[in-house]
Amino acid sequence: MVTARGLHDPHIWETTVKLALAGHPHSLQLTKVGIEEMLSRMWESQPRVIKFSRRHQRGSSANGLRRQKRDWVIPPINVPENSRGPFPHMLVRIRSDQDKDVGIRYSITGAGADQPPSGIYNIDPISGNMFVTQPLDREERASFHLRAHAVDMNGNQVENPIDLYIYVIDMNDNRPEFHNQVYNGSVAEGSKPGSSVMQVTATDADDSTTANGMVRYRILSQTPHSPIPNMFTINSETGDIVTVAAGLDREKVSQYTIIVQATDMEGNLNFGLSNTATALISITDINDNPPELTVRTFSGEVPENKVNVVVTNLTVVDRDQPHSPNWNAVYRIVSGDPSGHFTIRTNPITNDGMLTVIKPVDFEMNRAFMLTVVVSNQAHLATGIQSSLQSTAGVTISIQDVNEPPVFPVNPKMIRFEEGVPAGTTLTVFAAQDPDHFIHQIVRYSKLSDPANWLKINRTNGQITTMALLDRESMYVKNNVYEATFLAFDNGKSGSPQASGTGTLQIYLIDVNDNAPVLIPREAQVCERARPNSRINITASDADADPNVGPFVFELPSFPATVRRNWTISRLSGDYAQLRLRIPYLEASVYEIPVIVSDSGNPPLSNRSVIRVKVCPCDDNGDCSTTGAVAAAGLGTGAIIAILICIIILLSMVLLFVVWMKRREKERQAKPLLIDPEDDVRDNILKYDEEGGGEEDQDYDLSQLQQPESLDHIINKPAGVRRVDERPVITESQYPVRPSLPHPGDIGDFINDGLRAADNDPTAPPYDSLLVFDYEGSGSTAGSVSSLNSTSSGDQDYDYLNDWGPRFKKLADLYGGGDDD
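1. Comments concerning the pairing of strand β45 (residues 606–616)
In the case of a regular strand, side chains alternate between the two sheet surfaces. Pairing of strand β39 (residues 523–527) with β45, which is carried by five bridges, proceeds in the parallel orientation. Note on β45: the bridge partner recorded for Q525 is K614. The sheet contact formed by strand β44 (residues 589–598) and β45 spans 10 bridges and is antiparallel. Bridge pairing in β45 places E592 opposite R612.

2. A closer look at a positive patch on the surface
On the surface, a cluster of positive charge is contributed by R535, R564, R580 and R582. Here R582 shows up in the loop between β43 (577–581) and β44.

3. Some thoughts on the sheet that holds β43
In spatial order, the strands read β38-β40-β43-β42; together these four strands make up an open sheet with antiparallel pairing. Since the sheet does not close on itself, it has two edges, and those belong to β38 (518–520) and β42 (567–571), each with one partner. The mean inter-strand angle of the sheet, taken between neighbouring strand axes irrespective of direction, is 30 degrees. Both β42 and β43 contribute to a ladder of five bridges, which runs antiparallel. Residue I569 lies in a different strand from β43, and its bridge partner there is L579.

4. Concerning the sheet that holds β44
Strand order across the open sheet formed by four strands is β39-β45-β44-β41, with mixed pairing between neighbours. The open sheet has two free edges, formed respectively by β39 and β41 (553–555), since each of these has just one partner strand. The mean angle between the axes of side-by-side strands here comes to 35 degrees, regardless of whether they run parallel or antiparallel. Pairing between β41 and β44: three bridges, direction antiparallel. When the sheet's bridge partners are listed, F554 is paired in β44 with V597.

5. Comments concerning unusual backbone geometry
In this chain, T223 is followed by P224 through a cis amide linkage whose omega measures -5 degrees. Mapped onto the elements of the fold, P224 is located in the loop between β17 (216–223) and β18 (232–234). Residue D546 is joined to P547 through a cis peptide bond whose omega torsion reads 5 degrees. Its place among the elements puts P547 in the loop between β40 (536–541) and β41. A positive phi angle is found at N479, which is not glycine, with a value near 55 degrees. Here N479 is to be found in the loop between β35 (463–466) and β36 (481–489).

Cut-off values and rules
Here, residues in each chain are numbered from 1, in the same order as that chain's written sequence. Since the coordinates come from a predicted model, pLDDT governs what is reported: local features require at least 70, and pairs of side-chain atoms require 80 or more to be given and counted, while whole-chain, interface and lining totals use all residues. The basis for the side-chain values is all heavy atoms of the structure; hydrogens and waters are excluded. In this description, strands pair whenever DSSP reports at least two bridges between them. Going along the chain from the N terminus, every DSSP run of H or I of four or more residues is numbered as a helix, and every run of E of two or more is numbered as a strand. Patch rule: a residue counts if its relative accessible area is over 30% and it has no salt bridge; like charges are joined within 9 Å, and nonpolar side chains (Val, Leu, Ile, Met, Phe, Trp, Tyr) within 5 Å. Working definition of accessibility: Shrake-Rupley area with a 1.4 Å probe, residue cover restricted to the visible protein chains. One speaks of a salt bridge when a side-chain nitrogen belonging to Lys or Arg is within 4 Å of a carboxyl oxygen belonging to Asp or Glu. His is not counted, nor are the chain ends, whereas Lys and Arg count as positive and Asp and Glu as negative. Charged side chains are reduced to one point each, which is NZ for Lys, CZ for Arg, CG for Asp and CD for Glu. Every angle, taken between N-to-C directions, lies between 0 and 180 degrees, and every axis is a line fitted to C-alpha atoms, over only the stretch in contact when it is a helix.

By themselves, these observations are geometric and do not establish any function.
Here you go:
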């Protein structure tokens, strides 16, 4: 069908054109090769010449109106992808009707020509032939929009640009691709046919509007084939997988593996491209298997009086998913245990039921139990599933008799007695009973705890007797109650050790008036002059309890008479009184005032207590002054003087020690050395970097370096012998004086004269002072080196210095060099 229209005319003209391939009157076989060949021939049958549209104008009426000739609509250019060439391959020829009159140059612009991706299309500028230069890929770019231009030799536009639309014809060159290579889905066991399982999806990069991109699905295989080979089906267009048959049972098959194939060309297997993926379908569990106990009757035994003991394990079988609510067992005791002695806990690993004792069982009360237990799951059974008869079983439990300890019927036992009962008084009989009624045993008693050691118990009958007075005010009595613990034990039975039980006896001690009151406080102070506020408040303390305590009676004794003459007591209340001066003035001192205090017991008890009262001078506020406090404390003038004398003696000793230390330091500094300090070069030895030769060089007596106590060996020394480490006390030698205007020849003589004078001058330093370090006192056998002439070379052989080691190498070089030096 070819359509034509005018640019400004609404009418459209259509005509049908039938095309037939030359030389091929029959249609090609519809195969992949045939389709590609047909598309290739269609490509070759593209219109070869495309002309620029022109407007032919001619007069149509007297008024000058012109009629416009209708243009042909330029059809798109179709180019198949993946063409094998050869390239460049001509597509069309662009031509202008004016090429006969003027020289025309053709060009194309747009994406694919002079814009990226550039170079795909080009045009011969003279002939107008348009070429494609390389194979096209529709998946990269499906169409191109180019514009063709015609200009003269001067570059002037000859024709209006025309639009060229190039469409890339899709070829089936892409396989369907699954989004995942492995898909995971699930469906519950027992699901009805038509239940949705999962969906698989594949896409094709080819044109989805053509058969090249239309994908269809099918199931290639199912593993395993139980119960039938085709338990599932797939929607060929959507990829939804659903069940098609009943009979899914997780306990038989827990997972299916399905191979799914996706094919393009609408699933045509002859020329469509295919791909496969794997679908793993897991069958989820439902509670379709009730738990079943392995036996109908279980048995076990347990010792009496034991708790948290496993009597027996109830084993169960459940074919549902392990460790899920459909598998986890729940046990219940439905009969045989009205008192709740037992419970059943589930082992989370094995799912067994552990029948456990939670309340002690008495053999003398129950020798055996017959229980009925039922097992179920945490989750309810699926619809239509009935509980199994094997979910119920019986349990027989035998109770073992053990030797039980004696039991005190009343524990703790409370009795009441007055304190102070004499030793040997029988308080009570604290007897225990043996719960083993079927075995005759003898019960014996002993004392386990008696903090004050007041009690004893009869070994055979449990009679409690006192061994000392019971004192309610004892530190071992708490809240008037004294506690003691006793032990009762049997003689055991064959094969069992002794069993023992404890009992606590509590004795409530009734108070008697056996403690006299004590005055509080024991010390106080008042002013030496009577003042209204100079009073002492006193009270009393009594270890007894009501009614053997206050109110108290306070009074002053009649002897000595000075007490009542100087002091008076006035009662404030039942427990308090005031002590104050009776006279206007009392000398400052410390007074011990006796006070008689009586309680309210029957009969009352009295106590003569002494309160130490410090009487002191007071300031305006009624407080004792410092001087008065010291005087009141009892320190007399003699004591104060003695303390001061001790302080002065201590300071004098410290001062004498300091003076003695300073004098000793001065004596040490004033002691002269063996040589003049100005000429002492002993410290200069450090300038020679001499660090000693080791431990052997350090073996010398430094005491010889000190000044000797006697100088007789110096005064009485023989003539001609002098000390080499002291300055000689003789007239100094006279050195030659250089003339003011010497002759140049006199310089050498002057130096030689000065050298001779220095060599012969015994007063010139350093007086061989290095020998200070070798001084060993008088009478030394060491000779003097002062007689050596420093200017004479002598004929002594110094080669032996080379044998003394590296420390004498420098000296050997100086004196052992021979005439070369």
